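# Breakdown of the fold
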Amino acid sequence: MLLQTLREEVLDANLELVRRGLVLYTFGNVSGISRADGVIVIKPSGVPYDEMRPEHLVLTDLVGKVVEGTLRPSSDLPTHLVLYEAMPDIGGVAHTHSDYATAWAQARRPVPCFGTTHADSFPGPVPVTDSLSDDEVAGEYEKNTGHAIVRALQDNKGAYSSGILVANHGPFTWGPDALAAAQNAAVLESIARMAYLTLAIDETAKPIGKSLHDKHFLRKHGVNAYYGQKRD
Ligand SMILES: [Zn+2]
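Below, the structure is looked at part by part. (Residues numbered from 1 in each chain as written. Predicted model: local features only at pLDDT ≥ 70, side-chain atom pairs only at ≥ 80, totals over all residues. Heavy atoms only, no water.)

## Notes on the overall build of the protein
For the protein, the helix and strand inventory stands at 8 helices and 7 strands. Projecting the C-alpha coordinates of the protein onto the three principal axes gives extents of approximately 55 × 35 × 35 Å. Within the span of the protein, comprising 232 residues, buried residues form 51% of the whole. Of the contacts formed within the protein by residues at least 6 apart in sequence, a portion of 66% connects residues at least 24 apart. Surface accessibility of the protein: about 11300 Å² in total, with carbon and sulfur atoms responsible for 51%. (Helix = DSSP H or I, 4+ residues; strand = E, 2+ residues; numbered from the N terminus. Buried < 20%, exposed > 50% of the residue type's maximum accessible area, 1.4 Å probe, protein only. Contact = heavy atoms within 4.5 Å. Areas by Shrake-Rupley, 256 points an atom, 1.4 Å probe, with all protein chains shown as cover.)

Structure (structure tokens):
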């Protein structure tokens, strides 16, 4: 069996979504990439998490052709492929329909940053993509979802982000490896929930100031930013 270690890492990252209460049934998926091998390891489609074993994970090449595995890969694989190509330094991608992050995505509202928990992980509001057009939905839907994410990141002036909301759908997150991507999904859910609660307490609450935001974000990510890290 190829890439045993990466298979185990990606399995553990998928189970992290379960441990953090981010997924129901077979929802959600995490992948990891070995760029040296040109291989992506991703959750199989439709296999319950509690039955998933390393050998169930599916290995594909960088255009999504299965190189090892008898099960079908997650149907969101094409979205993952676009993200790996657009962000050459990321090593893992996660997708959930966690409640609060998805609620913001459904409202098509960026998650405002009200405090340092958010500022520690994101350089600004968590962006939301544009809605996909009817043609994009009818065509290569999952691939077009990836392109919508990349466009939204570019529109966001290239500010580093470890996740995004896909309009009317839910969050995608990423990181240096599969587990980091899953952990960022948990962080995004947490800050989405906190932002919701903040507005429930005070609907006129104002976002955190730029100096405090930058202080928290840059001390954790100032050197290691990996997506369009230039900040002006
Ligand atoms: Zn989804």
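So, next bit.
## Topic: the pairing of strand 2 (residues 39-42)
Neither face of strand 2 is open: one carries V39 and V41, the other I40 and I42, and all of them are buried. Taken together, the 4 bridges between strand 1 (residues 29-34) and strand 2 define a ladder with antiparallel strand orientation. Bridge pairing in strand 2 places I33 opposite I40. Linkage of strand 1 to strand 2, two consecutive antiparallel strands, is achieved through a turn of 4 residues, within which G38 is found at a positive phi near 65°. Pairing between strand 2 and strand 3 (residues 58-60): 3 bridges, direction antiparallel. Paired with V41 across the bridge in strand 3 is L59. (Pairing = 2+ DSSP bridges.)

## A word on helix 2 (residues 77-86)
Counting buried positions over the 10 residues of helix 2 gives 7, a clear majority of the element. Taken together, the buried positions of helix 2 are occupied by L77, T79, H80, L81, V82, L83 and Y84. Packed against the buried residues of helix 2 are strand 1, strand 2, strand 3, strand 5 (92-95), helix 6 (141-155) and strand 7 (170-175).

## Remarks on the side chain of H118
With respect to the helices and strands, H118 occurs in helix 4 (residues 116-119). Dropping the residues within four chain positions of it, H118 is found in contact with V111, P112, C113, G124, P125, V126, I191 and H213.

## Points about the sheet that holds strand 4 (residues 66-68)
Taken in spatial order, the 7 strands make up an open sheet running 4-3-2-1-5-7-6, and their pairing is antiparallel. The open sheet terminates on both sides in strands that have one partner only, identified here as strand 4 and strand 6 (163-166). On average, each strand axis in the sheet is tilted by 25° relative to the strand beside it, whichever way the strands run. Examined bridge by bridge, strand 5 and strand 7 share 4 bridges and lie antiparallel to one another. Residue pairing in the sheet places V93 in a bridge with W174 of strand 7. Sitting on the sheet, helix 1 (residues 4-19) is in contact with strand 1, strand 2, strand 3, strand 4 and strand 5, with an inclination near 155° to strand 1. Helix 2 rests against strand 1, strand 2, strand 3, strand 5 and strand 7 of the sheet, and its axis sits at about 40° to strand 1. (Axes fitted to C-alpha atoms, helices over the stretch in contact; angles between N-to-C directions.)

## Examining the packing of helix 2 against helix 6
Axes are the key here: two packed helices are described by the angle between their axes and the distance separating the axes. Interhelical geometry of helix 2 versus helix 6 gives an angle of 35° and a closest axis separation of 7 Å. Considering how the two elements wind past one another, helix 2 and helix 6 form a crossing that is right-handed. Of the residues in helix 6, those touching helix 2 at P78, T79, V82, L83 and A86 are E142, K143, T145, G146, H147, I149 and V150. Its residues assigned to classes, the contact of helix 2 with helix 6 comprises 6 nonpolar, 4 polar and 2 charged. (Left-handed = near helix turned anticlockwise from the far one by under 90°. Nonpolar A, V, L, I, M, F, W, Y, C, P; charged D, E, K, R; others polar.)

## So, the coordination of the zinc ion
Looking at the zinc ion, one finds its protein donor set to be H95 (NE2), H97 (NE2) and H169 (NE2), positioned 2.0 to 2.1 Å from the metal centre. Positions of the donor residues of the zinc ion, expressed as sequence spacing, correspond to H-x1-H-x71-H. Pair noted here: H95 is in strand 5 and H169 is in the loop between strand 6 and strand 7, with a separation of 74 residues, a long-range link. For the pair shown, H95 and H169 are each scored as buried. (Donors = N, O, S within 2.8 Å, 3.2 Å for Na, K, Ca; no water.)

## Some words on the packing of aromatic side chains
Across all of its chains, the model carries 2 aromatic pairs by this definition. Each ring, one from Y25 and one from F27, has its centre 6.4 Å from the other, and the planes form 70°; the classification is edge-to-face. (Phe/Tyr/Trp six-rings, centres within 6.5 Å; stacked < 30°, edge-to-face > 60°.)

From the geometry alone we can't say anything about function, so treat these as descriptive.
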